[in-house]
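Examination of the molecular architecture
As a plain string of letters, each chain reads:
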Amino acid sequence: MPAIMEGLKARVHCPMCTRTVDGLAVPEVRLGRSRLRVMPGQKCVRCSASLDAGYVLELLPETEQPAAVAKGRHRAA
Ligand SMILES: [Zn+2]
């Protein structure tokens, strides 16, 4: 089924200004292995370059993620 592409908040390395900026990552399954890639179409908040060529350094903690992507959690508010 076509899932809505939801990003996970992550720290993304920008190849243009070589800074680490906040961005969105999406999981990508290839050859049976799941890895993270930068969600296409984002721009670096510092230099406005495309982050498509960057890479995901790490995901932010689950508490920083939107409620929609927190698995098995139900938020009271
Ligand atoms: Zn940049």
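Residues numbered from 1 in each chain as written. Predicted model: local features only at pLDDT ≥ 70, side-chain atom pairs only at ≥ 80, totals over all residues.

**Quick notes on the environment of V26**
This is how it is decided: The helix count covers DSSP runs of H or I at least four residues long, the strand count covers runs of E at least two residues long, and both are numbered beginning at the N terminus. As a rule, residues whose C-beta atom has 12 or fewer other C-beta atoms within 10 Å are exposed, those with 20 or more are buried, and those in between are partly exposed; C-beta atoms are placed from the backbone.
In this structure, V26 sits in strand β2 (residues 20–30). For V26, a count of 15 C-beta atoms within 10 Å puts it in the partly exposed group. For V26 and R37, which are 11 residues apart along the polypeptide, the C-alpha to C-alpha distance reads 5.6 Å.

**Quick notes on the pairing of strand β3 (residues 33–38)**
Worth spelling out the cut-off: Only strands that DSSP links by at least two bridges are regarded as paired with each other.
As judged from the 6 bridges shared by β2 and β3, these two strands associate in the antiparallel manner. From the neighbouring strand, V29 faces β3, where its bridge partner is S34. Counted along the chain from β2 to the antiparallel partner β3, the turn is 2 residues long, and its residue L31 has a positive phi close to 55 degrees.

**A word on the confidence of the model for the protein**
The criterion, for reference: The predictor's confidence in any single residue is recorded as pLDDT, a number from 0 to 100.
Scored by pLDDT, the protein has a mean of 86; 81% of the residues are at 70 or more. Across the protein, the secondary-structure element scoring lowest on mean pLDDT is β3, at 91, and the one scoring highest is strand β1 (residues 8–13), at 96.

**Concerning unusual backbone geometry**
Its identity as a non-glycine residue notwithstanding, T18 has a phi of 55 degrees, on the positive side. Locating T18 in the fold gives a position in the loop between β1 and β2. One non-glycine residue, S48, adopts positive backbone phi at about 65 degrees. On the basis of neighbour counts, which here come to 11 C-beta atoms within 10 Å, the residue S48 falls in the exposed class.

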